[in-house]
Amino acid sequence: MILAGVFAVFIPALMLPGPDFIAVVRSSMTCGTVAGLWTTLGVSLCLGIYAALSLAGLSAILIEYQLLAWAVRILGGCYLIYLGLKLLFAQPIRLEMRDHGDKPKGNPLVFGFLVTSTNPKAIVLFTSVFATAVTESTPFWLMLLMVVLVIGSALVWYTLVTLFMSSAPIIRRFQHLQHWIERAAGVCFVAIGGRILSDARNPVAT
């Protein structure tokens, strides 16, 4: 069955730590539950868009026009490095428990969406798994269901991550380590961005 084969790959890939996971953890621990949930929504929506575009033929475009795939990787890698450096050089602030009504700095929804949209690994995943799993005979309702399941799976997983990372015991335990959490996230973003840039020359393949 198409769904079983596709999601047997997607679910483990979703749960592996990467830019999306780091973004959700960072928002949850430094800005609270609400910010973490907004970041989760941004990540999930972008993953759904990638899934839809892949099923609509994005994979064929990237394979045909390798220069475009290279540009996507370069831009994505540079953006993640920029985010990482920004976190590395951020001024220390005290990590505190936030009420659900508090408004965090910046827009966590946009933050989550941008991190995912500039993650070439998400493109490669959907290119290699989702787009190649369907044929011309695959019904539209099944492709639509796949997109819905992508969004739903991401929402469930990252909501659980948010609720855990923004819980009172976790916040109390790390209340004096906020700056180091920011730095750790920054190092991860820079490392992932560097890896993406180093892999930019490799062609996108089915």
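Keep in mind that this is a model prediction, so the values were computed, not measured.

Regarding helix H7 (residues 140-165)
Thought 1: With 26 residues, H7 should cover 38 Å at 1.5 Å per step; its first-to-last C-alpha distance of 38 Å lies within 8% of that length.
Thought 2: When we look at burial in H7, the residues that qualify are Leu142, Met146, Val147, Val150, Ser153, Ala154, Tyr158, Val161, Thr162 and Met165.

Overview of the confidence of the model for the chain
Thought 1: Mean pLDDT over the chain stands at 75; residues scoring 70 or higher make up 63%.
Thought 2: Across residues 93-104 the pLDDT falls below 50, and counting only partners more than four positions away or on other chains, this stretch makes 21 contacts in the model.

A look at the nonpolar core
Generally speaking, soluble globular proteins have nonpolar side chains that are buried together.
Thought 1: Within the largest apolar cluster, 25 residues are counted, with the highest numbers of intra-cluster contacts made by Leu47, Phe126, Val150, Tyr158 and Val161.
Thought 2: Of all the elements in the fold, those that place two or more residues in this core are helix H1 (2-15), helix H2 (19-31), helix H3 (33-64), helix H6 (120-133) and H7.
Thought 3: If one sorts the elements of this core by residue count, H7 sits on top with 8 residues.
Thought 4: Look past the residues within four positions of valine 161 in its chain and what remains in contact with it is Phe21, Val24 and Val25.

Some remarks on the environment of serine 198
Thought 1: In this structure, serine 198 sits in helix H9 (residues 178-198).
Thought 2: Along the chain, serine 198 and glycine 77 lie 121 residues apart, while their C-alpha atoms are 9.1 Å from each other.

Quick look at the packing of aromatic side chains
Within a pair of aromatic rings, the relevant descriptors are the distance that separates the centres and the angle that separates the planes.
Thought 1: One pass over the full model with this rule turns up 0 aromatic pairs.
Thought 2: Above the plane of the ring of phenylalanine 111 lies arginine 26, whose end atom (NZ or CZ) is 5.5 Å from the centre.

The rules behind each value
By convention here, each chain's residues receive numbers from 1 onward along its written sequence. For this predicted model, a pLDDT threshold of at least 70 governs which residues receive local features, and a threshold of 80 or more governs which side-chain atom pairs are given and counted, while totals over whole chains, interfaces and linings are taken from all residues. With hydrogens and water excluded, all non-hydrogen atoms of the structure serve as input to the side-chain values. In this description a helix means any DSSP run of H or I spanning at least four residues, a strand means any run of E spanning at least two, and both kinds are numbered starting from the N terminus. Multiplying one less than the number of residues by 1.5 Å gives the expected span of a helix. Buried means the residue's accessible area, taken with a 1.4 Å probe over protein chains only, is under 20% of the maximum for its type, while exposed means over 50%, and partly exposed covers the values in between. Scored between 0 and 100, pLDDT is the confidence that the predictor attaches to each residue. A contact between two residues is defined here by any heavy atoms of the two lying within 4.5 Å. Residue types Ala, Val, Leu, Ile, Met, Phe, Trp, Tyr and Cys, when buried and joined through side-chain atoms within 4.5 Å, form a set referred to as a nonpolar core. Aromatic pairs are defined between Phe, Tyr and Trp rings, using the six-membered ring for Trp, whenever the two ring centres lie within 6.5 Å; interplanar angles under 30 degrees are classed as stacked, those over 60 as edge-to-face, and all others as tilted. A positively charged side chain is recorded as over a ring if its NZ (Lys) or CZ (Arg) lies within 6 Å of the ring centre. The angle to the ring normal must also be within 35 degrees.

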